[in-house]
Every structure is written in C-alpha cells, then in structure tokens.
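Residue-level listing of the chains:
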Amino acid sequence: MKANNKLMKSDTSAQVGIGTLIIFIAMVLVAAVAAAVLIQTSGTLQQKAQSTGKQATQEVSSNLMVKTIEGIRAKDSSTSMAANVSMLELKVGLNVGSSPVDVNQVVISITDGTTTNNLIYANNERTYSNAMANFDGTFSAAANVYNMTTATQGTPGDNAKYFFTVEKIRDEDGSFTQSEPVMNTGDLVTFYISTVGAGDTAFDYIGSMATNDLQDDTGLVIAPRTAVSIVLTPESGAATTADFITPSSYGTKENVALYP
C-alpha cells in the first residue's frame, strides 16, 4: 500500500502582523506624548509672549515729555538777585498714547558737571526711608515747594538735595493730587527742582515765594555757561533727557528760559 504523505505548511504572516501592530501603537503613544509636550510648551510661550508684548508696549508708550525749562533766580529785590539759578521749573506732559505715569515713582537725576543729585517725589518714603520733611498731601503745591527749599531732617538730610515737588497745570480727569500724583495723557504739570548754590542761600524770595532767608544748599551751581543735564526716569518706559547750556549772562533777568 502506498504511503500518503501530507505536507505541513508553516504560515508566519500572523506574527508579522502583530509586530507591525505593536510598532504602530508605540508610534501613536510617542506622537501623543510629543503632542502633549508641544501643546504645553506653546501655551507657555504664548503667555510669555503676551507678557513681553505688554511690557514692551509700556516701555515704548510711557514717555514723559519735557516741553520747557525755566530758571528762577532768588532775590531780595528787583535789583538784588542771586548770581546763579536757584530753582528750575520743568513743564512736563505725556506723549500721545502714553500709559498713565505715577510721578511718585519718577526719579530725576540732575548734574551741573560737578555735582549730581538724584531726586524723588516728596511723598515717596521708600527710597530714603522717609518722605520729604514737612510734606503734607493736603498742603498746596506752593507750601510743599517752600518746604522743599527750606526744610531738613536727619535722614536723608536737606530736602533740596533729595526731593522734587510737582504742581498740576491741566488735569481734566482729576487724577493728580499732591498725595497721589498720577499723570494721564493730556495732563500738564510743573516739576520744581531746587538748585540753590552755596552762596545764594541768604536771599528772601524765589519768584513770589518768600523763603525767609532759610534756603538749603543743594550742592549744584547753575551759573552762566553751565552745561546741565536732567534725566527723568519713570517706573516703566523710556527715560527722558533734557540737556542745555545756560546763557553766557543772566543780566537783569529774574526768569531765564533754558530749554528748549
């Protein structure tokens, strides 16, 4: 009898299919993890970009603009006046589209080429651990200007060397007060900076304000032919610089136009 030989066929296609499925699932898992990382990273970058954009906008738009600077010489009479400028009056506004500026955080640096004074607003008590001596937010601007030029305290010292004061000229929204001086677009204010020299402290008046022979020496000397540099630095935004050279002679002028 003839033997019946049967051939057994080996089929491995199923094994190949399972391997492909495993690789596919692994690729899906890796893609899912990568997508999650990308989504998280893109969200973080978006938040940082928005924050950076906001800060950049403030830096560009929050700009003080010095319109004019006038110098005033202290006096006893119309013919007896200080040889140097005793006070600077800066008319300051904001550029178009500027964000509000808190004057309480503005720092003014002024130098005559020899001495530099870094001034803060009279109600700022953080920088020098004390606000300006005798400052009161309910006082008039004139009263605070008087105290700026005459009062002193142990820390930091003479008001005139460390503080400036401000008076509003135009403030339609009522945002500006002596205690909370906030400038908005359209506002116009006067910054007062004392520049009384050592030899000019005995005069009785600065403009119409009686100083009663009590003016403090600022260390500055704004004499004729003096190069003066003033830098106004707000809390955010670009610093504003005003440089000028005083006239060759003040003559008999009590008020001297210095800038622009």
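The structure contained in this document is the topic of the report that follows. (Residues numbered from 1 in each chain as written. Predicted model: local features only at pLDDT ≥ 70, side-chain atom pairs only at ≥ 80, totals over all residues. Heavy atoms only, no water.)

Some points on the sheet that holds strand E9 (residues 188–194)
Right, on to step 1. Spatially, 9 strands are ordered E13-E12-E5-E6-E7-E9-E3-E1-E14 in an open sheet, and the strand pairing comes out mixed. Lying at the two open borders of the sheet, with one neighbouring strand each, are strand E13 (240–245) and strand E14 (255–259). Each neighbouring strand pair of the sheet contributes to a mean axis angle of 25°, computed without reference to strand direction.
Right, on to step 2. Contacts between helix H2 (residues 141–150) and the sheet are confined to strand E3 (87–94), strand E7 (163–170) and E9, with E7 contributing the most and set at about 160° to the helix. (Pairing = 2+ DSSP bridges. Helix = DSSP H or I, 4+ residues; strand = E, 2+ residues; numbered from the N terminus. Axes fitted to C-alpha atoms, helices over the stretch in contact; angles between N-to-C directions. Contact = heavy atoms within 4.5 Å.)

Quick look at the pattern of salt bridges
Oppositely charged side chains can form a pair if their charged atoms are brought close together.
Right, on to step 1. Enumeration over the complete set of coordinates arrives at 3 salt bridges.
Right, on to step 2. Across the pair Lys75 and Glu254 runs a salt bridge whose closest N-O atoms are separated by 3.3 Å. Of this pair, Lys75 sits in strand E2 (residues 74–75) while Glu254 sits in the loop between E13 and E14, and the two are 179 residues apart along the sequence.
Right, on to step 3. Judged by its relative accessible area of 22%, Glu254 is partly exposed.
Right, on to step 4. Taking the shortest distance from any N to any O, the salt bridge between Lys91 and Glu89 comes out at 3.9 Å.
Right, on to step 5. Residue class for Lys91 comes out partly exposed when judged on its relative accessible area of 24%.
Right, on to step 6. Its relative accessible area of 15% is what places Glu89 among the buried residues. (Salt bridge = Lys/Arg side-chain N within 4 Å of Asp/Glu carboxyl O. Buried < 20%, exposed > 50% of the residue type's maximum accessible area, 1.4 Å probe, protein only.)

A short note on the nonpolar core
Right, on to step 1. Counting 49 residues, the largest nonpolar core has Phe164, Phe191 and Ile230 as its most contacted members.
Right, on to step 2. If one sorts the elements of this core by residue count, E3 sits on top with 5 residues.
Right, on to step 3. Among all residues touching Ile230, those that are not within four sequence positions of it are Ile69, Leu88, Leu90, Ile108, Ser109, Ile110, Thr240, Thr241, Ala242, Asp243 and Phe244. (Core = buried A, V, L, I, M, F, W, Y, C linked by side-chain atoms within 4.5 Å.)

Quick word on the environment of Thr240
Right, on to step 1. Relative to the helices and strands, Thr240 resides in strand E13.
Right, on to step 2. Judged by relative accessible area, which is 13%, Thr240 ranks as buried.
Right, on to step 3. Here the alpha-carbon distance between Thr240 and Val66, two residues 174 residues apart in the chain, equals 7.6 Å.
Right, on to step 4. A polar contact of 2.7 Å, which involves the side chain of Thr240, links it to the backbone oxygen of Leu64. (Polar contact = N/O pair within 3.5 Å; in protein donor to acceptor, adjacent residues only side chain to side chain.)

Here we look at a nonpolar patch on the surface
Right, on to step 1. There is a patch of nonpolar side chains on the surface, built from Leu21, Phe24, Ile25, Val28 and Leu29 and spanning about 490 Å² of accessible area.
Right, on to step 2. Along the polypeptide, Phe24 turns up in helix H1 (residues 13–61).
Right, on to step 3. We classify Phe24 as exposed; its relative accessible area is 51%. (Patch = residues over 30% accessible without salt bridge, like charges linked within 9 Å, V, L, I, M, F, W, Y side chains within 5 Å. Areas by Shrake-Rupley, 256 points an atom, 1.4 Å probe, with all protein chains shown as cover.)

A few points about unusual backbone geometry
Right, on to step 1. Between Thr155 and Pro156 the backbone carries a cis peptide bond, its omega angle lying at 5°.
Right, on to step 2. Structurally, Pro156 can be placed in the loop between H2 and helix H3 (159–162).
Right, on to step 3. Cis peptide bonds are those with omega within 30 degrees of zero, and the linkage from Tyr259 to Pro260 qualifies with 5°.
Right, on to step 4. Within the element layout of this structure, Pro260 appears in the segment after E14.
Right, on to step 5. Here the phi dihedral of Ser129 falls at roughly 70°; this positive angle occurs in a residue that is not glycine.
Right, on to step 6. Structurally, Ser129 can be placed in the loop between strand E6 (116–121) and H2.
Right, on to step 7. Here Ser129 falls in the exposed class, since its relative accessible area comes to 58%.

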